[in-house]
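These are the residues of each chain, in order.
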Amino acid sequence: MSDRTTPSAGSGADLIGLISVSIRRERERAGLSMAELARRAGIAKSTLSQLESGAGNPSVETLWALAVALNVPFSRLVDPPRPAVKVIRAGEGPVTHSERADYAATVLSSCPPNARRDIYRIEAQPGETRASDPHMPGTVEHVLVGSGRALAGPTEAPVELGPGDYVSYPGDAPHVFRALAPDTLAVIVMEHI
(Lines give C-alpha, C1' and ligand atoms only; values in the text may rest on other atoms or scores of the structure.)
Protein backbone atom coordinates (compact mmCIF):
# COMPACT_ATOMS: atom_id res chain seq x y z
CA MET A 1 0.00 0.00 0.00
CA SER A 2 1.28 3.45 -0.83
CA ASP A 3 -1.02 4.98 1.77
CA ARG A 4 0.56 7.17 4.45
CA THR A 5 -0.60 8.21 7.89
CA THR A 6 1.93 9.59 10.33
CA PRO A 7 1.59 10.83 13.85
CA SER A 8 3.45 14.12 14.10
CA ALA A 9 6.21 14.63 16.62
CA GLY A 10 4.85 15.11 20.10
CA SER A 11 1.39 13.73 19.33
CA GLY A 12 1.85 11.23 22.17
CA ALA A 13 -0.52 8.75 20.56
CA ASP A 14 -0.02 5.78 18.34
CA LEU A 15 -2.17 7.01 15.46
CA ILE A 16 -2.13 3.68 13.65
CA GLY A 17 -3.29 1.91 16.82
CA LEU A 18 -5.98 4.52 17.35
CA ILE A 19 -7.21 4.13 13.77
CA SER A 20 -7.23 0.34 14.17
CA VAL A 21 -9.40 0.51 17.30
CA SER A 22 -11.67 3.19 15.82
CA ILE A 23 -12.37 1.32 12.57
CA ARG A 24 -13.16 -1.90 14.43
CA ARG A 25 -15.38 -0.04 16.95
CA GLU A 26 -17.35 1.78 14.23
CA ARG A 27 -17.67 -1.35 12.06
CA GLU A 28 -19.04 -3.34 15.00
CA ARG A 29 -21.33 -0.44 16.00
CA ALA A 30 -22.73 -0.47 12.45
CA GLY A 31 -23.15 -4.26 12.57
CA LEU A 32 -21.04 -4.79 9.44
CA SER A 33 -18.75 -7.68 8.62
CA MET A 34 -15.25 -6.92 7.38
CA ALA A 35 -16.25 -8.11 3.91
CA GLU A 36 -19.31 -5.82 3.80
CA LEU A 37 -17.42 -2.75 5.04
CA ALA A 38 -14.59 -3.37 2.56
CA ARG A 39 -17.13 -3.71 -0.26
CA ARG A 40 -18.95 -0.50 0.71
CA ALA A 41 -15.67 1.42 1.01
CA GLY A 42 -14.28 0.05 -2.25
CA ILE A 43 -11.16 -1.39 -0.63
CA ALA A 44 -9.78 -4.91 -0.41
CA LYS A 45 -10.86 -6.99 2.58
CA SER A 46 -7.16 -7.74 3.19
CA THR A 47 -6.50 -3.98 3.43
CA LEU A 48 -9.27 -3.59 5.98
CA SER A 49 -7.96 -6.58 7.92
CA GLN A 50 -4.50 -4.99 8.02
CA LEU A 51 -5.95 -1.70 9.21
CA GLU A 52 -7.98 -3.33 11.98
CA SER A 53 -4.95 -5.30 13.13
CA GLY A 54 -2.84 -2.14 13.29
CA ALA A 55 -0.54 -3.29 10.49
CA GLY A 56 -1.87 -0.96 7.78
CA ASN A 57 -0.85 2.61 7.03
CA PRO A 58 -3.93 4.28 5.49
CA SER A 59 -4.09 7.40 3.36
CA VAL A 60 -6.63 10.14 3.83
CA GLU A 61 -8.49 8.73 0.79
CA THR A 62 -8.79 5.26 2.37
CA LEU A 63 -9.97 6.72 5.68
CA TRP A 64 -12.54 8.95 3.93
CA ALA A 65 -13.90 5.94 2.03
CA LEU A 66 -14.24 4.03 5.31
CA ALA A 67 -15.87 6.99 7.08
CA VAL A 68 -18.42 7.38 4.28
CA ALA A 69 -19.12 3.62 4.27
CA LEU A 70 -19.59 3.72 8.06
CA ASN A 71 -21.63 6.95 7.86
CA VAL A 72 -19.43 8.65 10.46
CA PRO A 73 -17.33 11.83 10.33
CA PHE A 74 -13.73 11.22 9.20
CA SER A 75 -12.45 12.52 12.52
CA ARG A 76 -14.11 9.69 14.44
CA LEU A 77 -11.52 7.37 12.89
CA VAL A 78 -8.40 9.44 13.71
CA ASP A 79 -9.02 11.78 16.65
CA PRO A 80 -8.13 10.42 20.10
CA PRO A 81 -10.27 11.32 23.11
CA ARG A 82 -9.15 14.66 24.57
CA PRO A 83 -9.58 16.52 27.87
CA ALA A 84 -12.07 19.42 28.19
CA VAL A 85 -9.39 22.06 27.50
CA LYS A 86 -7.45 21.16 24.40
CA VAL A 87 -4.38 22.87 22.97
CA ILE A 88 -2.79 21.58 19.78
CA ARG A 89 0.46 23.32 18.96
CA ALA A 90 1.56 23.83 15.37
CA GLY A 91 3.17 20.61 14.17
CA GLU A 92 1.24 18.42 16.64
CA GLY A 93 -1.89 16.31 16.31
CA PRO A 94 -2.94 13.32 14.21
CA VAL A 95 -1.87 13.96 10.61
CA THR A 96 -3.04 12.07 7.54
CA HIS A 97 -1.42 12.53 4.14
CA SER A 98 -2.86 12.27 0.67
CA GLU A 99 -1.41 9.64 -1.60
CA ARG A 100 -2.20 11.80 -4.65
CA ALA A 101 -1.09 15.32 -3.64
CA ASP A 102 1.31 17.12 -1.28
CA TYR A 103 -1.51 17.62 1.22
CA ALA A 104 -1.65 16.93 4.95
CA ALA A 105 -4.75 17.24 7.16
CA THR A 106 -4.53 17.53 10.95
CA VAL A 107 -7.72 16.99 12.94
CA LEU A 108 -8.01 19.94 15.32
CA SER A 109 -11.44 19.16 16.73
CA SER A 110 -13.91 16.38 16.09
CA CYS A 111 -17.62 16.40 16.71
CA PRO A 112 -18.60 15.83 20.30
CA PRO A 113 -21.77 13.76 20.79
CA ASN A 114 -24.84 15.47 19.32
CA ALA A 115 -22.71 18.03 17.43
CA ARG A 116 -21.93 17.71 13.76
CA ARG A 117 -18.70 19.52 12.84
CA ASP A 118 -14.99 18.81 12.55
CA ILE A 119 -12.10 21.29 12.25
CA TYR A 120 -8.89 20.58 10.30
CA ARG A 121 -5.64 22.47 9.75
CA ILE A 122 -4.44 21.94 6.17
CA GLU A 123 -0.82 22.23 5.09
CA ALA A 124 -0.30 21.96 1.35
CA GLN A 125 2.32 22.55 -1.32
CA PRO A 126 1.80 23.37 -5.01
CA GLY A 127 1.48 20.35 -7.26
CA GLU A 128 -1.25 17.77 -7.58
CA THR A 129 -4.82 18.76 -6.75
CA ARG A 130 -6.36 17.02 -3.73
CA ALA A 131 -9.62 15.76 -5.26
CA SER A 132 -12.23 14.63 -2.74
CA ASP A 133 -15.10 12.28 -3.38
CA PRO A 134 -18.45 13.30 -1.89
CA HIS A 135 -18.75 12.97 1.89
CA MET A 136 -21.92 12.09 3.82
CA PRO A 137 -25.14 13.68 2.47
CA GLY A 138 -25.68 17.20 3.81
CA THR A 139 -21.98 17.88 4.48
CA VAL A 140 -20.85 21.50 3.98
CA GLU A 141 -17.17 22.50 3.97
CA HIS A 142 -15.96 25.92 5.11
CA VAL A 143 -12.39 26.91 4.11
CA LEU A 144 -10.41 29.85 5.50
CA VAL A 145 -6.92 30.41 4.07
CA GLY A 146 -4.35 31.62 6.61
CA SER A 147 -1.30 31.91 4.37
CA GLY A 148 -0.37 31.17 0.78
CA ARG A 149 -2.97 30.76 -1.95
CA ALA A 150 -5.31 27.91 -2.81
CA LEU A 151 -7.93 26.79 -5.25
CA ALA A 152 -10.85 25.25 -3.31
CA GLY A 153 -14.47 24.35 -3.83
CA PRO A 154 -16.66 22.29 -6.14
CA THR A 155 -14.70 20.36 -8.77
CA GLU A 156 -16.48 22.17 -11.61
CA ALA A 157 -16.09 25.68 -10.14
CA PRO A 158 -13.31 26.04 -7.53
CA VAL A 159 -12.48 29.49 -6.20
CA GLU A 160 -9.00 31.03 -5.86
CA LEU A 161 -8.37 32.14 -2.26
CA GLY A 162 -5.66 34.22 -0.60
CA PRO A 163 -4.84 34.91 3.06
CA GLY A 164 -8.01 35.72 4.99
CA ASP A 165 -10.33 34.57 2.17
CA TYR A 166 -13.21 32.22 3.01
CA VAL A 167 -15.43 29.93 0.94
CA SER A 168 -18.13 27.40 1.81
CA TYR A 169 -19.48 24.74 -0.53
CA PRO A 170 -21.29 21.40 -0.54
CA GLY A 171 -18.99 18.65 0.73
CA ASP A 172 -21.41 15.98 -0.46
CA ALA A 173 -20.41 16.65 -4.08
CA PRO A 174 -16.95 16.19 -5.65
CA HIS A 175 -14.61 19.00 -4.56
CA VAL A 176 -10.95 20.01 -4.67
CA PHE A 177 -8.18 21.75 -2.77
CA ARG A 178 -4.93 22.75 -4.50
CA ALA A 179 -2.15 24.89 -3.09
CA LEU A 180 -1.10 27.64 -5.49
CA ALA A 181 1.78 28.93 -3.34
CA PRO A 182 4.39 27.17 -1.17
CA ASP A 183 3.51 26.48 2.46
CA THR A 184 -0.19 27.17 2.07
CA LEU A 185 -2.06 26.88 5.38
CA ALA A 186 -5.83 26.74 5.72
CA VAL A 187 -8.51 25.74 8.17
CA ILE A 188 -11.39 23.57 6.99
CA VAL A 189 -14.52 23.23 9.08
CA MET A 190 -16.68 20.30 8.05
CA GLU A 191 -20.32 20.66 8.97
CA HIS A 192 -22.33 17.44 9.00
CA ILE A 193 -26.10 17.80 8.84
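Residues numbered from 1 in each chain as written. Predicted model: local features only at pLDDT ≥ 70, side-chain atom pairs only at ≥ 80, totals over all residues. Heavy atoms only, no water.

Attention shifts here to the pairing of strand β10 (residues 175-179). Among the 5 residues that make up β10, 4 are buried, leaving the element largely enclosed by the rest of the structure. When strand β5 (residues 130-132) meets β10, the two strands line up antiparallel, connected through 3 bridges. Among the inter-strand pairings, Arg130 is bridged to a residue of β10, identified as Phe177. (Buried < 20%, exposed > 50% of the residue type's maximum accessible area, 1.4 Å probe, protein only. Helix = DSSP H or I, 4+ residues; strand = E, 2+ residues; numbered from the N terminus. Pairing = 2+ DSSP bridges.)

Moving on, we get to empty space enclosed by the protein. Counted under the stated rule, the structure contains 2 cavities of 30 Å³ or more. Of the volumes computed, that of the largest cavity is approximately 150 Å³. Lining of the largest cavity is provided by 17 residues; of these, Tyr103, Ser132, Glu141, Ile188 and Met190 occupy positions nearest its centre. Grouping the amino acids of the lining of the largest cavity by side-chain chemistry returns 12 nonpolar, 3 polar and 2 charged. (1 Å grid on protein atoms, 1.4 Å probe; cavity = no way out; pocket = protein on both sides within 12 Å on 5 of 7 lines; lining within 4 Å. Points joined across faces, edges and corners; volume = space filled by probe spheres on them. Nonpolar A, V, L, I, M, F, W, Y, C, P; charged D, E, K, R; others polar.)

This part covers the sheet that holds β5. One open sheet holds the 4 strands; their spatial order is β5-β10-β7-β8, and the pairing between them is antiparallel. Each of the sheet's edge strands pairs with one partner strand only, and the pair in question is β5 and β8 (159-161). Each neighbouring strand pair of the sheet contributes to a mean axis angle of 15°, computed without reference to strand direction. Taken together, the 3 bridges between strand β7 (residues 150-154) and β8 define a ladder with antiparallel strand orientation. Counterpart to Ala152 in the pairing with β8 is Val159. (Axes fitted to C-alpha atoms, helices over the stretch in contact; angles between N-to-C directions.)

Counted by the stated rule, this structure contains 3 aromatic pairs. Arranged with centres 4.4 Å apart and planes meeting at 25°, the rings of Trp64 and Phe74 form a pair that is stacked. Taken together, the residues span a long stretch of sequence, with Trp64 in helix α4 (residues 60-70) and Phe74 in the loop between α4 and α5 (75-78) at a distance of 10 residues. Seen from their ring centres, Tyr103 and Phe177 are 5.8 Å apart, and the 65° between their planes marks the pair as edge-to-face. With a gap of 74 residues between them, Tyr103 in strand β3 (residues 103-109) and Phe177 in strand β10 connect regions that are remote in the sequence. For the pair Tyr103 and Phe177, a shared accessibility class is recorded, and that class is buried. Taken together, the aromatic side chains of Trp64, Phe74 and Tyr120 make up a single cluster linked through ring pairs. In this arrangement the basic side chain of Arg130 is found over the ring face of Tyr103, its NZ or CZ atom lying 5.5 Å from the centre. (Phe/Tyr/Trp six-rings, centres within 6.5 Å; stacked < 30°, edge-to-face > 60°. Lys NZ or Arg CZ within 6 Å of the ring centre and 35° of its normal.)

So, on to the environment of Gly148. Residue placement: Gly148 occurs in the loop between β6 (140-147) and β7. Between the C-alpha atom of Gly148 and that of Pro182, which follows or precedes it by 34 residues, the distance is 6.5 Å. Excluding its chain neighbours within four sequence positions, the residues that come into contact with Gly148 are Leu161, Gly162, Pro163, Ala181 and Thr184. (Contact = heavy atoms within 4.5 Å.)

Where charged atoms from two side chains of opposite charge come close, those side chains can pair. Per the stated rule, a full pass over the model turns up 10 salt bridges. A salt bridge links Arg24 to Glu52; the shortest N-O distance between them is 3.9 Å. Of this pair, Arg24 sits in helix α1 (residues 15-30) while Glu52 sits in helix α3 (residues 45-53), and the two are 28 residues apart along the sequence. Residue Glu52 is classed as buried on the basis of its relative accessible area, which comes to 3%. For Glu26, the salt bridge is made with Arg25, and the minimal N-O distance between the two is 3.1 Å. Here Glu26 falls in the buried class, since its relative accessible area comes to 3%. On the accessibility criterion, Arg25 (38% relative accessible area) is partly exposed. Several salt bridges converge on common partners, so that one network encompasses Arg25, Glu26, Arg29 and Arg76. (Salt bridge = Lys/Arg side-chain N within 4 Å of Asp/Glu carboxyl O.)

Our focus in this paragraph is the confidence of the model for the protein. Averaged over all residues, the pLDDT of the protein is 83; the fraction at 70 or higher stands at 85%. With pLDDT under 50 throughout, residues 1-13 is counted as low confidence; its partners more than four residues away or in other chains account for 39 contacts. (pLDDT = per-residue confidence, 0-100.)

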